[in-house]
Amino acid sequence: MIEAVMLWNEPNNKSHWDPDLDPDWLLFAEMVKAASSAIRAENARLPQVLGGISPIDPGFIGRMAAQGVLDAVDAVAVHGFPLDWNLWQIHEWPAKIDEIRAVTGLPVWVSEVGVSSFGAEEVQGWGCARTAELLKGRAPRIHWYSLYDLPRGWEATTRHREAEGSSYYRHFHMGLLRQDGTPKVALDAFAKHTPELGLCQWFHFEDHRLDDAVAWMKRLGVTYLRTGLSWADSFRPNALDWFDRQMEALADFDVTVTFCFTPEHRGIAPHHTSPPLVREEFAAFCAEMVRRYAPGAALAAEPGDTQRVLLPSL
């Protein structure tokens, strides 16, 4: 079942939102508010989460509050990879969550956290165990990124190979399973912390790993998952057939569905990070997906309706 929807992904990271086109995130704010309203019209009680931020920046959350975005959502989320990409140490995780709690009363999810096996699989195993120790009980949702390594034949479009050196290549080693599906050292470490820990696994269009992923998640005791439905992919031939197959396969899990990625022909610039030409088109996509996969009462929630929020802050 769909337990929540997430509006965009890493909006304060230029890999997912172009700050040159929207330096003050005004277009982003208006897009999210329009999408939230459209989703509420379809299912007023479906929890909505602001796309996980990376880097963890309380100033960005404050900006979203000032622009009315936090009034439209039920939770915020953060992403962190301190052993690979961030400029802080893994033991700082509790403090990083507290930085966000200091600027909003909304629940704070950890919608992506991970450690690569780029240097050594043993480092990833230790990092998984330490992450669980630091985060369990501190966030309503903790999504480990990810189940699978990114296949080396695929481009990591959210990283910049020419500019980042090993940072780009680390992206291919974030999985608990290798590209060929065989387990790494960290798999056993992760399994010790389910169901408290969930997974974040992005499935590419017509991803051949879907059924195997479901089998692995059940074997590991995973009960909740974050994945995505791409606005850009919705323009591919047979897109709805793939979306139906993906969501049917994941029906036994509590799924947070992330809506993101601008179609090239519907952006101010021809890129998935671009603000849309017409923000209502993104809102319409979100509404269509909710109507199809999480239908509910199309009624406005009453002020102070606590049932609208899925999970309390801890």
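To be clear, the structure that these remarks concern was listed above.
Rules behind the numbers
Sequence positions are assigned chain by chain, starting from 1 and proceeding in written order. Reporting of local features is limited, given that this is a predicted model, to residues whose pLDDT is at least 70; pairs of side-chain atoms are given and counted only at 80 or more, and all residues count toward the totals for whole chains, interfaces and linings. Each side-chain value is derived from all of the structure's non-hydrogen atoms; neither hydrogens nor water enter the calculation. Geometry is summarised by axes, namely lines fitted to C-alpha atoms with helices restricted to the contacting stretch, and by angles between N-to-C directions that run from 0 to 180 degrees. The way it works is that DSSP assigns letters per residue, a run of H or I at least four long becomes a helix, a run of E at least two long becomes a strand, and they are numbered from the N terminus. Roughly parallel here means an angle under 35 degrees, roughly antiparallel means over 145, roughly perpendicular means 65 to 115, and every remaining angle is called oblique. If you view the pair so one helix is near and one far, a crossing is left-handed when the near helix is turned anticlockwise from the far one by less than a right angle, and right-handed when it is turned clockwise. Whether two residues are in contact is decided by their heavy atoms: any pair within 4.5 Å suffices. The residue classification treats Ala, Val, Leu, Ile, Met, Phe, Trp, Tyr, Cys and Pro as nonpolar and Asp, Glu, Lys and Arg as charged. All others, Gly included, are polar. Pairing between strands requires that DSSP locate at least two bridges from one strand to the other. A pair is scored as a salt bridge if a Lys or Arg side-chain nitrogen falls within 4 Å of a carboxyl oxygen belonging to Asp or Glu. Accessible area is worked out with a 1.4 Å probe on protein chains only. A residue is then buried under 20% of its type maximum, exposed over 50%, and partly exposed in between. What makes a nonpolar core is a set of buried Ala, Val, Leu, Ile, Met, Phe, Trp, Tyr and Cys residues whose side-chain atoms join them at distances within 4.5 Å. The pairing test for Phe, Tyr and Trp rings, Trp by its six-membered ring, is centres within 6.5 Å, and the orientation test on the planes gives stacked under 30 degrees, edge-to-face over 60, and tilted for anything in between. Only lysine NZ and arginine CZ atoms are considered, and such an atom sits over a ring when it is within 6 Å of the ring centre and within 35 degrees of the ring normal. Two joining distances apply to patches: 9 Å for like charges and 5 Å for nonpolar side chains (Val, Leu, Ile, Met, Phe, Trp, Tyr), and every residue must have over 30% relative accessible area and no salt bridge. Methods summary: accessible areas were calculated by the Shrake-Rupley approach with a probe of 1.4 Å, and residue burial reflects only the protein chains presented. In the analysis that follows, any N or O atom pair within 3.5 Å is treated as a polar contact, provided that within protein one partner can donate a hydrogen and the other can accept it, and provided that, for residues neighboring in sequence, both atoms belong to side chains.

As for the packing of helix H8 (residues 210–220) against helix H9 (residues 239–249)
Alright, step 1. Two elements in contact, H8 and H9, have axes whose closest approach is 10 Å; the angle formed by their N-to-C orientations is 15°. In terms of their interaxial angle, H8 and H9 are classed as roughly parallel. Considering how the two elements wind past one another, H8 and H9 form a crossing that is right-handed. Between H8, through Leu 210, Asp 211 and Val 214, and H9, the contact on the second element is made entirely by Trp 242, Arg 245, Gln 246 and Ala 249.
Alright, step 2. Looking at the contact of H8 with H9 residue by residue, the class counts come to 4 nonpolar, 1 polar and 2 charged.

Considerations on the packing of helix H1 (residues 26–42) against helix H10 (residues 279–293)
Alright, step 1. Between H1 and H10, the least distance of the axes is 8 Å, while the angle of their chain directions is 30°. Taken together, H1 and H10 sit at an angle that is classed as roughly parallel. Judged by the twist between their axes, the crossing of H1 over H10 is right-handed. Contacts from Glu 30, Met 31, Ala 34, Ala 35, Ala 38, Ile 39 and Glu 42 of H1 reach H10 at Arg 279, Phe 282, Ala 283, Cys 286, Ala 287, Val 290 and Arg 291.

Observations regarding the sheet that holds strand E8 (residues 254–260)
Alright, step 1. With parallel pairing, 8 strands are arranged side by side in an open sheet as E2-E1-E8-E7-E6-E5-E4-E3. Two strands lie at the open edges of the sheet, namely strand E2 (48–50) and strand E3 (76–80), each paired on one side alone. Going from strand to strand, the sheet's axes swing by 30° on average, the running direction of each strand aside.
Alright, step 2. In this structure, strand E1 (residues 2–7) lies alongside E8, joined through 5 bridges in parallel fashion. Counted as the bridge partner of Ile 2 is Val 255 from E8.

Concerning the pattern of salt bridges
Alright, step 1. Summed over all chains, the structure comprises 19 salt bridges.
Alright, step 2. Here Arg 170 ties to Asp 84 by a salt bridge, and the two come within 2.7 Å at their closest N and O atoms. Taken together, the residues span a long stretch of sequence, with Arg 170 in helix H6 (residues 166–170) and Asp 84 in the loop between E3 and helix H3 (93–101) at a distance of 86 residues.
Alright, step 3. Judged by relative accessible area, Asp 84 falls into the buried class, the value being 12%.
Alright, step 4. Measuring nitrogen to oxygen at the nearest pair gives 3.8 Å for the salt bridge that ties Glu 280 to Arg 279.
Alright, step 5. Given the relative accessible area of 34%, Arg 279 is considered partly exposed.

Examining unusual backbone geometry
Alright, step 1. Of the consecutive residues Tyr 145 and Ser 146, the connecting peptide bond is found in the cis state with omega at 5°.
Alright, step 2. For Glu 10, which is not glycine, the phi torsion reads 45° and is therefore positive.
Alright, step 3. Mapped onto the fold, Glu 10 is located in the loop between E1 and H1.
Alright, step 4. The backbone of Phe 261 shows a phi angle near 75°, a positive value even though the residue is not glycine.

So, the nonpolar core
Alright, step 1. Counting residues in hydrophobic clusters, the biggest one holds 90 residues, and the most contacted among them are Leu 50, Trp 93 and Phe 259.
Alright, step 2. Filtering out sequence-adjacent residues up to four positions away, Leu 50 remains in contact with Met 6, Leu 7, Phe 28, Val 32, Ile 61, Met 64, Val 69, Leu 70, Val 73, Ala 75, Val 76 and Ala 77.
Alright, step 3. Core analysis: the second largest hydrophobic core is formed by 6 residues, Ala 4, Val 49, Ala 75 and Ala 77 among them.

Let's talk about the packing of aromatic side chains
Alright, step 1. Counted by the stated rule, this structure contains 13 aromatic pairs.
Alright, step 2. Of the aromatic side chains, those joined through ring pairs into one cluster are Trp 8, Trp 17, Phe 28, Trp 231 and Phe 282.
Alright, step 3. Of note, Arg 141 hangs over the ring of Tyr 224, and the distance from its end group to the ring centre comes to 4.0 Å.
Alright, step 4. Over the ring of Trp 216 we find Arg 219, and its NZ or CZ is 4.2 Å from the ring centre.

Let's talk about a nonpolar patch on the surface
Alright, step 1. Taken together, the side chains of Leu 21, Leu 27, Ile 268, Leu 277 and Val 278 define a hydrophobic patch exposed on the protein surface, amounting to about 370 Å² of accessible area.
Alright, step 2. Mapped onto the fold, Leu 27 is located in helix H1.
Alright, step 3. By relative accessible area, Leu 27 is classed as partly exposed at 37%.

With respect to the side chain of Ser 111
Alright, step 1. Note on placement: Ser 111 falls in strand E4 (residues 108–113).
Alright, step 2. A polar atom in the side chain of Ser 111 sits 2.8 Å from the side chain of His 79.
Alright, step 3. Once residues lying within four places of it in the same chain are set aside, the contact partners of Ser 111 are Met 6, Gly 52, Ala 77, Val 78, His 79, His 143, Cys 200 and Arg 226.

Focus on the pairing of E3
Alright, step 1. Among the 5 residues that make up E3, 5 are buried, leaving the element largely enclosed by the rest of the structure.
Alright, step 2. Burial along E3 is two-sided: the residues Val 76, Val 78 and Gly 80 and Ala 77 and His 79 are all buried.
Alright, step 3. The pairing of E3 with E4 spans 5 bridges and is classified as parallel. Its bridge partner being in E4, Gly 80 is matched across the sheet by Val 113.

Keep in mind that these numbers describe shape and distance, not what the molecule does.
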